[in-house]
Amino acid sequence: MKFMRGLARWSRLKQRSGALMRIARALRVFVPMLGDVTVGRYRPVPWAACGWMTAAVAYLIMPFDIIPDFLMLIGVIDDVFIVGWLLTRVDHSLAPYRRWKGIDPPDAAP
C-alpha cells in the first residue's frame, strides 16, 4: 500500500515537472521569437502566443485577482497556477516556431 502511494506521488510529480519544463521553455523561446518576428525572419506572427503571454503578464500586474493576494499563501498560489497554465498555452502556441528554429524535430506533434 505504501508503495502504491509513493508511485502515485511520483506520477503527480512527473506530470508537474513536465508542466514546469513547458513553462520554462515558453519563457526561453518567447523573447527570441519576438526578435525574429520584429526583424522579419519569421512569418506568420504567432498571435496566439502573443495573446497568451499578454494575458499572463496582465494577470500578474492587475490589482484584481480571482483570489486576492492579501490572503497571503492562497492568493499567491492562485497566481502561480493561473500564470503557469497561461504559459503552458504560450508554449503550445510556439510549437511551429520551435520547429522552424530547429529546437523541436520536424515530426514533433504540437
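Residues numbered from 1 in each chain as written. Predicted model: local features only at pLDDT ≥ 70, side-chain atom pairs only at ≥ 80, totals over all residues. Heavy atoms only, no water.

### Brief notes about the overall build of the protein
Applicable threshold: For the purposes of this entry, the term helix denotes a DSSP run of H or I that reaches at least four residues, the term strand denotes a run of E that reaches at least two, and both are numbered from the N terminus. Here's how the labels work: a residue is buried when its accessible area is under 20% of the maximum for its type, exposed when over 50%, partly exposed in between, all with a 1.4 Å probe on protein chains only. Contacts between residues were defined by any pair of non-hydrogen atoms, one from each residue, lying within 4.5 Å.
Helix and strand counts for the protein stand at four helices and zero strands. With 110 residues in all, the protein has 28% of them scored as buried. Of the contacts made within the protein by residues no fewer than 6 positions apart, 58% connect residues no fewer than 24 positions apart.

### Quick notes on helix α3 (residues 72-93)
We apply this condition: For a helix, the expected span equals 1.5 Å multiplied by the residue count minus one.
Compared with an ideal rise of 1.5 Å per residue, which puts 22 residues at 32 Å, α3 spans 32 Å between its outermost C-alpha atoms and is within 8% of the ideal. What α3 keeps buried is the set Gly 75, Asp 78, Asp 79, Val 83, Gly 84, Leu 86, Leu 87, Thr 88, Val 90, Asp 91 and Ser 93.

### Looking at the nonpolar core
Under the convention used in this document: Residue types Ala, Val, Leu, Ile, Met, Phe, Trp, Tyr and Cys, when buried and joined through side-chain atoms within 4.5 Å, form a set referred to as a nonpolar core.
Counting residues in each nonpolar core, the largest one holds 18 residues, and the members touching the most others are Phe 30, Met 33, Leu 87, Val 90 and Leu 94. With six residues, the single largest contributor to this core is helix α1 (residues 2-39). Those residues in contact with Phe 30 that lie beyond four places of it in its chain are Ala 49, Cys 50, Met 53, Val 90 and Leu 94.

### Structural notes on helix α2 (residues 47-61)
Between its first and last C-alpha atoms α2 spans 21 Å; for 15 residues at 1.5 Å apiece the expected length is 21 Å, and the two agree. What α2 keeps buried is the set Ala 49, Cys 50, Met 53, Ala 56 and Tyr 59.

### Here we look at the packing of aromatic side chains
Threshold: Between 30 and 60 degrees the pair is tilted, below 30 it is stacked and above 60 it is edge-to-face, where a pair is any two Phe, Tyr or Trp rings, Trp via its six-membered ring, whose centres lie within 6.5 Å.
In total, this model carries four aromatic pairs according to the counting rule given. Pairing Tyr 42 with Tyr 97 gives two aromatic rings, centres 5.0 Å apart and planes at 80 degrees, and the pair type is edge-to-face. Taken as a pair, Tyr 42 in the loop between α1 and α2 and Tyr 97 in helix α4 (residues 95-101) lie far apart in primary sequence, 55 residues in all. For the pair formed by Tyr 42 and Tyr 97, the shared burial category is buried.

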